[in-house]
Amino acid sequence: MKELSKLILEDMKPALGVTEPGAIAFAVAKARSYVEGAPICVNVALNSGMYKNAFTCGIPNSPEVGNVFAAALGVVAGNADKGLEALADVEPEDNDKARKLVEEGKVTVALCGITSRIFIDAAVKTELGEAVVTIRDSHTNITKIIVNGKVEFASEDEKKEESERTEEAAVIHQYTLQQLYDYSKSVDIKEIEFIKEAYKVNLELFEEGLHHPRTTFTKYLLKKNKGKIISDCEQTTASLLCNAAIEARVIGLDKPAMSITGSGAHGIIATMPLYGAYKVNGYTEEELLRATALSYLICMYIKEYSGKLSAFCGCAIAAGTGMACGLVYLRGGTVEIMEHTIQNIASSITGMICDGGNQGCTMKGIAAVDAAYQSVDLAMNGVSVDKVHGINGKTPEETMKHMGLIASPGMIGTEKTIVEIFENKMK
C-alpha cells in the first residue's frame, strides 16, 4: 500500500458525537477500568482546544451537554474498548447516575493551558484506588497510565523531559499539491476502496439528522433543496447532505461520523458535498473515491500546520479547502485551477473562529460549502485572488502552510479570549 493510502487509512476513524466529549469519556473510562469500587471523584485537565470544543457540545445518548457531563458518563458507563465511541452503550439510568455525581461536585474539569496540542489528564479515584490516564497529540493516544501511584505504562515520548521533545516534520508535508493530485489520479482504485466506509457511516448519520425531531437547520435545508435529498441543484444538495450530518453530530444523535484529522466535522465536510456532486452529476464511484482521497490529503496538509485543535475552524478551512479541490477534480480541472481555488479560500474564510463543538458548527458548515462552491466556480472561470495578495504564497504548498499558521501560533490569543468568554458565561 502506498504511503499516502496508509496515511488516510490510519487517520479515518468513526467517532460518536463530537470527538472531544468522546475523547474525554474514553480517557476517564480507561482510568476507571484500572480501579474497582464506587467512584469518589473524577478530575480532568484539558488543553484549551479540548476544553473549548467540548464545552457545550451535545453528548451521544444523553440530553446533557459539555465536558463535565462527558467525564461523568465516562466513569459511570464508558467503554474504553470502543475508543471515541466510548459512550455508545449509555442507558437512561446512566444519565441519572452521572447527573448525581455532577450535582454532588464529584466531577471537575479544568483548563491547563492555552495550546493547540491535544492534552487530557483523567484521574479517577474510588473507594479502593486511584488511576490516572494521560493522552497527548491525538484523541486516543495514551502516553501514560498511573495506578495507585505506580507507573504502569509510559510511552517513549512521555519519558523524555519537555526540553528533549522535538516536533517531527509531518509526512504529508513532503508532498506537493501536484504529487497529491498525481497519487489520487493514479493509485490503484482497490487500494482506496476503504474510503467507501466513510460514506456508509456519514450517510447513516445524515439519515439520522434528516428524520430526527431535534434537528432544525436540516428541515430548512431540505425545504431549500425542493424537499428532495438529491435535487437538480448540486450546491443545495451538497449543503443538505453535509450540514444535516453535522447538525446530527453536534447535538449528540446516536450515530457516528467518520472522522479525519481527529474530527467528525472535518470528515463530513471533506466527503458529503462530494457525494452530492456525484449523485447530481452522475460521476462514477471511482471518480468519487479519487476526489475524496485528494480532499482528505489536502485537509490533512493544512491541519498538520494548524494543530489538531485550535482557535480557527479547521472544519470549514482545512476540510473545506480539501473538498473544494475534490470538486475541481470531479469537474476535470487542473492542478493550476486547484491552486487558484486554494488562493480564493485562503483569502476568504481563513480566520473563521472555532468556538467549540456546538450548533454553530452547522452554520460554519453552511458557510464552508458556500465558500467552496464560489471559490471553485470562480477558479474554473479564470478568476482568483492573485498570489501576491494577503496570505497567499508563491506556491499552493506555501499558501496552505500560511493558512495553518494563522491558527497556530497566529490565533493563540483568540483561543484565550474564547475560553475566557466561556468561563464568564458560567458565572
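Residues numbered from 1 in each chain as written. Predicted model: local features only at pLDDT ≥ 70, side-chain atom pairs only at ≥ 80, totals over all residues. Heavy atoms only, no water.

## What to know about the overall build of the protein
Operational definition: The way it works is that DSSP assigns letters per residue, a run of H or I at least four long becomes a helix, a run of E at least two long becomes a strand, and they are numbered from the N terminus. As defined in this context, the radius of gyration uses C-alpha atoms, and a globule is described by 2.2 Å times the residue total to the power 0.38. Residue burial is assigned from relative accessible area. The probe radius is 1.4 Å, only protein chains are included, and a residue is buried under 20% of its type maximum, exposed over 50%, and partly exposed in between. Two residues qualify as a contact provided that any one of their heavy atoms is within 4.5 Å of a heavy atom in the partner residue. We get accessible surface area from the Shrake-Rupley algorithm with a probe of 1.4 Å; when it comes to residues, only the shown protein chains can shield them. Under the convention used here, Asp and Glu are negative, Lys and Arg are positive, and both His and the chain ends fall outside the count. The atom standing in for a charge is NZ when the residue is Lys, CZ when it is Arg, CG when it is Asp and CD when it is Glu.
Scanning the protein from terminus to terminus reveals 17 helices and eight strands. Taking 22 Å as the expected radius of gyration for a compact globule of 427 residues, we find that the protein reaches 21 Å, a close match to that expectation. Burial analysis of the protein (427 residues in total) assigns 57% to the buried set. Contacts in the protein between residues far apart in sequence, at least 24 positions, make up 75% of those at least 6 positions apart. Per element, the accessible surface of the protein, about 17000 Å² overall, is 51% carbon and sulfur. When the 43 positive and 55 negative side-chain charges of the protein are each reduced to one mean point, those points stand 2 Å apart.

## Here's the deal with the pairing of strand E2 (residues 39–47)
Using the following cut-off: A pair of strands is considered paired only if DSSP assigns at least 2 bridges between the two.
Bridging between E2 and strand E4 (residues 119–126) involves seven bridges; their strand directions are antiparallel. Within E4, the position partnered with Ala45 by the bridge is Asp121. In the sheet, E2 pairs with strand E3 (residues 107–113) via six bridges, with the strands oriented parallel. Of the residues in E3, the one forming a bridge with Asn43 is Thr108.

## Re the packing of aromatic side chains
Quick reminder of the rule: Two rings from Phe, Tyr or Trp (for Trp, the six-membered ring) form a pair when their centres are within 6.5 Å of each other. A pair whose planes differ by under 30 degrees is stacked, one over 60 is edge-to-face, and the rest are tilted.
If you walk through the whole model with that rule in mind, you get six aromatic pairs. Relative to Tyr278, the ring of Tyr275 lies with its centre 5.5 Å away and its plane at 50 degrees, an arrangement referred to as tilted. Here the residue Tyr275 and the residue Tyr278 both occupy positions in helix H11 (residues 264–281), the gap between them amounting to three residues, near one helical turn. Of the two residues, Tyr275 and Tyr278, neither departs from the other in class, the shared state being buried. Through pairs of rings, three or more aromatic residues link up here, namely Tyr51, Phe55 and Phe422.

## Overview of the pattern of salt bridges
Selection criterion: Any Lys or Arg side-chain nitrogen found within 4 Å of a carboxyl oxygen on Asp or Glu counts as a salt bridge.
Following the criterion strictly, the structure yields 16 salt bridges and no others. A salt bridge links Arg99 to Asp96; its shortest N-O distance comes to 3.0 Å. Separated by three residues within a single helix, Arg99 and Asp96 lie in helix H5 (residues 92–103), roughly one turn from each other. Arg99 gets classed as partly exposed once you look at its relative accessible area, which sits at 23%. Across the salt bridge formed by Arg290 and Glu286, the nearest N and O atoms sit 3.0 Å from each other. Here the residue Arg290 and the residue Glu286 both occupy positions in helix H12 (residues 285–306), the gap between them amounting to four residues, near one helical turn. Classification of Arg290 by relative accessible area gives buried; the value is 8%. Put simply, Glu64, Asp96 and Arg99 are held in one network by salt bridges that share partners.

## Side note on the pairing of strand E7 (residues 150–154)
Bridge analysis of strand E6 (residues 142–147) against E7 gives four bridges, and the strand direction is antiparallel. Bridging from a neighbouring strand, Ile145 pairs with Phe153 of E7. From the end of E6 to the start of E7, which pair antiparallel, there are two residues, and Asn148 there has a positive phi angle of about 50 degrees.

## A closer look at the nonpolar core
Stated precisely, the cut-off is as follows: Among the buried residues, those of types Ala, Val, Leu, Ile, Met, Phe, Trp, Tyr and Cys that are joined through side-chain atoms within 4.5 Å form a nonpolar core.
Counting residues in each nonpolar core, the largest one holds 144 residues, and the members touching the most others are Val44 and Leu180. Contacts of Leu180, omitting those with residues within four sequence positions, involve Leu4, Ile172, Tyr175, Leu294, Leu297, Ile298 and Tyr301.

## Quick look at the side chain of Thr362
Inspection of the secondary structure puts Thr362 in helix H15 (residues 360–380). Beyond its immediate sequence surroundings of up to four residues, Thr362 is in contact with Phe217, Asn243, Ile246, Glu247 and Val250.

## Concerning the sheet that holds E6
Basically, it comes down to this: Every axis corresponds to a line fitted to the C-alpha atoms, with the helix fit spanning only the stretch in contact, and the corresponding angles, defined between N-to-C directions, vary from 0 to 180 degrees.
Spatially, the six strands line up as an open sheet ordered E3-E2-E4-E5-E6-E7, and their pairing is mixed. Each end of this open sheet is capped by a strand with a single partner; those strands are E3 and E7. Averaged over neighbouring strand pairs, the angle between their axes works out to 15 degrees when direction is ignored. Where E4 meets strand E5 (residues 130–136), seven bridges bridge the pair, whose relative direction is antiparallel. In the strand pairing of E5, Asp121 is matched with Thr134. Seen against the sheet, helix H2 (residues 19–32) touches E2, E4, E5 and E6 and runs at an angle of roughly 40 degrees to E4.

## Structural notes on helix H4 (residues 67–77)
Judged by how many residues are buried, H4 sits mostly within the fold: nine of eleven residues are covered. Looking only at H4, the buried set comprises Asn67, Phe69, Ala70, Ala71, Ala72, Leu73, Gly74, Val75 and Ala77. Buried positions along H4 lie against H2, E2, helix H3 (48–53), H5, E3 and E4.

## Here we look at the side chain of Ser408
Within the secondary structure layout, Ser408 lies in the loop between helix H16 (396–407) and helix H17 (412–425). Relative accessible area serves as the criterion here: at 16%, Ser408 is assigned to the buried category. Once residues within four sequence positions are removed from consideration, Ser408 is found in contact with Ser116, Tyr305 and Ser306.

## Thoughts on H2
The condition that has to hold: One less than the residue count of a helix, multiplied by 1.5 Å, gives the span that helix is expected to have.
Over its 14 residues, H2 runs 20 Å from end to end, which matches the ideal 20 Å to within 8%, given 1.5 Å per residue. Among the 14 residues in H2, twelve count as buried, and that is most of the element. Taken together, the buried positions of H2 are occupied by Thr19, Glu20, Pro21, Gly22, Ala23, Ile24, Ala25, Phe26, Ala27, Val28, Ala29 and Ala31.

These figures come from the coordinates and say nothing about function on their own.
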